[in-house]
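Secondary and tertiary structure notes
Given next are the chains, with one letter for each unit.
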Amino acid sequence: MKNDAYTLGLVGKPVSHSLSPLLHSLLFEMLNLKCTYIAHEVNSQDLRSTIEKIKALNYRGFNVTYPYKRDIIKYLDEIDESAKLIGAVNTVKYDGQKLIGYNTDGIGFIRSMADKGKEIKNRRVCILGAGGASRAIAVNIALQEPANITVLNRTVSKAAEVCNIINNNIKDIAQYGSIKEIQRIENSDIIINTTPLGMIPYEDRLPIEGKIQLSEDNVVYDIIYNPPQTKLLKLAEDFGCVALNGLGMLIYQGISSEEIWLDIQISDHTANLILKQMRKLTNF
């Protein structure tokens, strides 16, 4: 395995801001792997031809980022069950014959929570937002046996869609509502922001509308990592909550992708070393 010189990559637009090339380069170095990771900025009309080029060059696999996590599905030969439920793919493995799609976003969230020693089982979880990241996180949380899951969104019908995925396919534990329903947020143990509010250029905005009261028993997780402390996380710290940004999720989803591509298991020790290096190099 360690003598194989695989090529891996990233497909999306834009990709210049992505930390994935840095993350995977650090992993290759730490694991003594002779692999290369190439970022491809692709226009929508060129997505099919880019995938064909990747196959012709015999890439071992690639990540998919915005805006192609859904579009990529029609070019794949297979898709795993979790990615089917989520309706999006962020990791593709090429075995020389088939392109196989996976989604490691939610796995990255779960592993980053476990890394901090935070239990999800029997906890009341509230997810703000109902986009692709919300779906991935919600599906993977549902598999961890939480007490319940509440999905809140400005467009309530979108929140209902996420809940229907869980209730119809995993367990009837999800409920939905408007992001304005502050009491439902306050009644949760774990609060997760999957909206872009708090991220540059929305760094002065909160995903919560209205005054909220939290406690030191709450875990507040913002999947945004730039800036490293969003307005939501600052609010959470003021209440004494455990406040976590999205760098851990980013790193663990990347690690999970690499495990899929290369058929390896990356230890928690290695993951922690990578996390420390990434924080040092990015200031996130």
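See the structure shown above.
What counts as what
- Residues numbered from 1 in each chain as written.
- Predicted model: local features only at pLDDT ≥ 70, side-chain atom pairs only at ≥ 80, totals over all residues.
- Heavy atoms only, no water.
- Helix = DSSP H or I, 4+ residues; strand = E, 2+ residues; numbered from the N terminus.
- Buried < 20%, exposed > 50% of the residue type's maximum accessible area, 1.4 Å probe, protein only.
- Contact = heavy atoms within 4.5 Å.
- Areas by Shrake-Rupley, 256 points an atom, 1.4 Å probe, with all protein chains shown as cover.
- Axes fitted to C-alpha atoms, helices over the stretch in contact; angles between N-to-C directions.
- Parallel < 35°, antiparallel > 145°, perpendicular 65-115°, else oblique.
- Left-handed = near helix turned anticlockwise from the far one by under 90°.
- Nonpolar A, V, L, I, M, F, W, Y, C, P; charged D, E, K, R; others polar.
- Pairing = 2+ DSSP bridges.
- 1 Å grid on protein atoms, 1.4 Å probe; cavity = no way out; pocket = protein on both sides within 12 Å on 5 of 7 lines; lining within 4 Å.
- Points joined across faces, edges and corners; volume = space filled by probe spheres on them.
- Arc of directions from axis to C-beta.
- Polar contact = N/O pair within 3.5 Å; in protein donor to acceptor, adjacent residues only side chain to side chain.

Quick word on the overall build of the protein chain
Looking only at helices and strands, the protein chain has ten helices and twelve strands in total. Once the C-alpha set of the protein chain is aligned to its principal axes, its extents read approximately 55 × 40 × 35 Å. Burial status across the protein chain gives 52% buried among its 284 residues. Taking all contacts inside the protein chain whose residues are at least 6 apart in sequence as the whole, residues at least 24 apart take part in 70%. In the structure as shown, the protein chain presents an accessible area of about 13,200 Å², 46% of it carried by carbon and sulfur atoms.

A look at the packing of helix α1 (residues 20-30) against helix α9 (residues 247-262)
Where α1 meets α9, the axes come as close as 10 Å, and the angle between the chain directions of the two elements is 55°. One finds that α1 runs oblique with respect to α9. Once α1 is placed against α9, the crossing between them reads as right-handed. Two secondary-structure elements touch here, α1 through L23, H24, L27 and F28 and α9 through L250, I251, G254, I255, E258 and W261. Here the residues of the contact of α1 with α9 sort into seven nonpolar, two polar and one charged.

Here's the deal with the sheet that holds strand β3 (residues 61-64)
Strand order in the open sheet formed by six strands is β2-β1-β3-β5-β6-β4, and the pairing between neighbours is mixed. Each having just a single partner strand, β2 (36-41) and β4 (78-79) make up the two edges of the open sheet. Bridge analysis of strand β1 (residues 7-12) against β3 gives four bridges, and the strand direction is parallel. Directly across from L8, in β3, lies its bridge partner G61.

Description of the sheet that holds strand β8 (residues 148-153)
Taking strand neighbours across the sheet as the criterion, the six strands line up as β9-β8-β7-β10-β11-β12 in an open arrangement whose pairing is parallel. Looking at which strands have only one partner, the edges of the open sheet turn out to be β9 (174-178) and β12 (242-244). When strand polarity is set aside, the average angle formed by the axes of neighbouring strands in this sheet is 15°. In this sheet, β8 lies alongside strand β7 (residues 124-128) in parallel orientation, the contact comprising five bridges. What sits directly across from V125, in β8, is I149. Lying over the sheet, helix α4 (residues 105-115) contacts β10 (190-193), β11 (219-222) and β12, oriented at roughly 140° with respect to β11.

What about the layout of surface pockets?
Its boundaries defined by the atoms lining it, the largest pocket holds a volume of some 1,400 Å³. Lining the largest pocket are 41 residues, with T65, Y66, K69, A133 and I223 positioned closest to its centre. Split into classes, the residues belonging to the lining of the largest pocket amount to 21 nonpolar, 15 polar and five charged. In this structure, the second largest pocket spans a volume of roughly 150 Å³. In terms of lining, the second largest pocket is formed by S112, D115, K116, Y221, A243, L244, N245, G248, Y252, L275, R279 and F284. Elements with a minimum of two residues in the lining of the second largest pocket: α4, β12, α9 and α10 (268-282).

Details of helix α8 (residues 231-238)
Where α8 is concerned, the buried positions are L232, L233 and A236. Relative to the axis of α8, the buried residues are bounded by an arc of 95° and lie together on one face. Positive backbone phi, approximately 85°, marks G240, located one or two places after α8.

Looking at the pairing of strand β5 (residues 91-94)
Residues T91 and K93 of β5 are buried on one face, and the alternating residues V92 and Y94, pointing to the opposite face, are buried as well. With three bridges joining them, β3 and β5 adopt antiparallel strand pairing. Following the sheet pairing, G61 is matched in β5 by K93. Where β5 folds back onto strand β6 (residues 99-102) in an antiparallel hairpin, the turn is made up of four residues, including G96, whose phi is positive at roughly 95°.

Thoughts on the side chain of N245
Mapped onto the elements, N245 comes out in the loop between β12 and α9. Among the residues examined, N245 registers a relative accessible area of 14% and is labelled buried. Within polar-contact distance, the side chain of N245 engages the backbone oxygen of P228 at 3.0 Å. Looking at N245, its side chain comes within polar contact range of the main-chain nitrogen of L247, at 3.1 Å. The residues contacting N245, other than those within four sequence positions of it, are Y221, D222, I224, Y225, P228, L233 and F284.

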